[in-house]
Amino acid sequence: MKILGIETSCDETSAAVVDDELRVHSNIIQSQIDLHERYGGIVPELASRRHIVAILPTIELALEEAQTTLDKIGAIAVTEGPGLAGSLLVGVNVAKALSWSRDLPLIPVNHLEGHIYANWLRPADDPEWSPPEFPVVCLIVSGGHTELLLMREHGTYELLGQTIDDAAGEAFDKGARILGLGFPGGPAIQKAAANGRTGQHPLPRAWLGESYDFSFSGLKTALLREAEQYRRPRGGRTRASESDPFQTHEPVQYGPNVPIADIAADYQDAIVEVLVNKTARAARDYRAATVLLAGGVAPNALLRKRLQAAVSVPLRYPPVILCTDNAAMIAGAAHFNTRRGDRAALDLDIHPRLPLTTKTAIKS
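Rules used in this analysis
- By convention here, each chain's residues receive numbers from 1 onward along its written sequence.
- Only residues with pLDDT of at least 70 are given local features in this predicted model, and only at 80 or more are side-chain atom pairs given and counted; all residues enter the totals for whole chains, interfaces and linings.
- Remark: hydrogens and water are excluded; side-chain values derive from all non-hydrogen atoms of the structure.
- Starting at the N terminus, helices and strands are each numbered in turn, a helix being any DSSP run of H or I of at least four residues and a strand any DSSP run of E of at least two.
- Each residue's exposure class comes from its accessible area (1.4 Å probe, protein chains only) as a fraction of the maximum for that residue type: buried when under 20%, exposed when over 50%, partly exposed otherwise.
- Polar contacts here mean pairs of N or O atoms no more than 3.5 Å apart (in protein, one a potential hydrogen donor and the other a potential acceptor; neighbouring residues in sequence count only if both atoms are side-chain atoms).
- Here, two residues are considered to be in contact whenever any of their heavy atoms come within 4.5 Å of each other.
- Any two strands are treated as partners once DSSP identifies two or more bridges connecting them.
- The predictor reports its confidence for every residue as pLDDT, a score running from 0 up to 100.
- The salt bridge criterion pairs a side-chain nitrogen of Lys or Arg with a carboxyl oxygen of Asp or Glu, the two atoms within 4 Å.

Here the focus is the side chain of Asn300. In this structure, Asn300 sits in the loop between strand 9 (290-294) and helix 9 (301-310). Relative accessible area serves as the criterion here: at 7%, Asn300 is assigned to the buried category. Of the polar contacts made by the side chain of Asn300, one reaches the side chain of Gln268; its length is 3.0 Å. Separated by 2.9 Å, the side chain of Asn300 and the backbone nitrogen of Leu303 make a polar contact. If we ignore the near neighbours within four places in the chain, the residues touching Asn300 are Phe172, Gln190, Gln268 and Val272.

The structure is reproduced here in C-alpha cells:
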C-alpha cells in the first residue's frame, strides 16, 4: 500500500508518497523562506495564505514524481499538530476532502512523531540499511521544539526532558537576528561560526542541575548583551505601509572590525554543548542501543560531530532533506500509527496525539 503524506504545520508545503517498505517515491517541499526572510521569522497569516495557493499543485507534483495516481493510493496521512493553527487547517482540510471523496482511510500524525520516524525511512542507495535498534534515546531539535525522549518500542514514548522556555532552533533564529546574519538562523550561525574562534566571547550554559530539561532564553539575553557593545546607533524603524502590512525586519548595523564570526562560534558552541551533554547522559543512564537526532536543527554539523563523539552507541539521523518539515516523514510515521480514521471521524477537533507534556511512559 502507498500512503500519500501531507505536511503544512509551519512554513513548508509538502506532499509525499511512501510505500509499505518505507521507501520514498516522492517528497515535494515548497519552501516559504523567500516570503518570511524579510521579517526575520515566520508570519503565521502569510504562511497559511501561501499554503492555500501551494497545496494542490504540491500534491499533484508528488503523485506525478511517484508515477502514481490517487486511484492507487491506499491511505492519506496528514500532520494534525502541533504547529501553526492556520497552516495546519489547510493541510488537514485538504486531507479530509481527499479521504472523503476517495473513500480512503485518514491517518492523523503528530508532527514530532513524524520527525522521529524520519529515521525509519529506507534510503534508496543503501542495501545494507537496517532500522534503529531499541531502546532509543531521541533528541528532537527544531524551531519550536526541544525534547529528549526514550522509546522502548514503537508507539511508546517517555519524555525525559524538554525546554522550559525557548527551543534550540528558535535560539538559533533569534541569535542570527541579533547578529544580523539573516533567516533561517541555524544555517546562518553555522556558516558564520565556521570562520570563528571559540573562547573569545564566553557565553553561559543553563545546566538546570541533573535534569534533562533545557533552557536557552538566558543564553539569548547574554548574546544580546555581548553584541550590544558593537552595534551602531539605530535610526527610526521602517514604517509599515499599506502595501506592506507587516513590519519588515531591519537588519542590525554593526561597526567595522566586529568579531561576528567569533561571537557566532561561541553562541553555537553554547547551544550544542548542552544538547550533547544531556543526550549522551540520557543514553548512558537508560542504556540506549541507539541515539537518534531529529528535527530542523539535526543537520547542524557541530551537533552531529560532538554527539557522535560523546555516545558509545550508533548515532542515527536522517538526510538533511528529511530533517526539515516534510511529508515523507508524515507518511512514514503513519505506517507505525495504530490510530486509523474514516469518514465518521472527519471533524475539526484535531489534537496532538504524542504525549510530550508528561514524563511517564505512554502508549499511543
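That covers the picture; the talk isn't over yet.
Next up on the list: the pairing of strand 9. Among the five residues that make up strand 9, five are buried, leaving the element largely enclosed by the rest of the structure. On strand 9, burial covers both faces: Thr290, Leu292 and Ala294 on one face and Val291 and Leu293 on the other are all buried. Pairing of strand 9 with strand 10 (residues 315-316) involves two bridges; the strand directions are parallel. Counted as the bridge partner of Leu292 is Arg316 from strand 10.

Right, let's talk about the environment of Val313 for a bit. The residue Val313 is located in the loop between helix 9 and strand 10 in this model. Once the C-alpha coordinates of Val313 and Arg287 are considered, the two residues, 26 residues apart in sequence, prove to be 9.3 Å apart. Among residues more than four places away in sequence, those in contact with Val313 are Ala288, Ala289, Thr290 and Val291.

Here the focus is the confidence of the model for the chain. Looking at the chain, the pLDDT average stands at 87 and 87% of residues meet or exceed 70. Confidence over residues 236-248 falls short of pLDDT 50; this stretch has 16 contacts with residues more than four positions distant or in other chains. This stretch, residues 339-364, has a pLDDT under 50; its non-local contacts, to residues over four places away or in other chains, come to 63 contacts.

The final tally for this structure, using the stated rule, is 13 salt bridges. Between Lys220 and Asp166 there is a salt bridge, and its shortest N-O distance comes to 3.0 Å. Of the two residues, Lys220 is situated in helix 7 (residues 217-228) and Asp166 in the loop between strand 8 (156-162) and helix 5 (168-178); the sequence distance between them amounts to 54 residues. Here the two residues Lys220 and Asp166 agree in accessibility, since each one is buried. Asp269 is paired through a salt bridge with Arg306; the nearest N and O atoms lie 2.6 Å apart.

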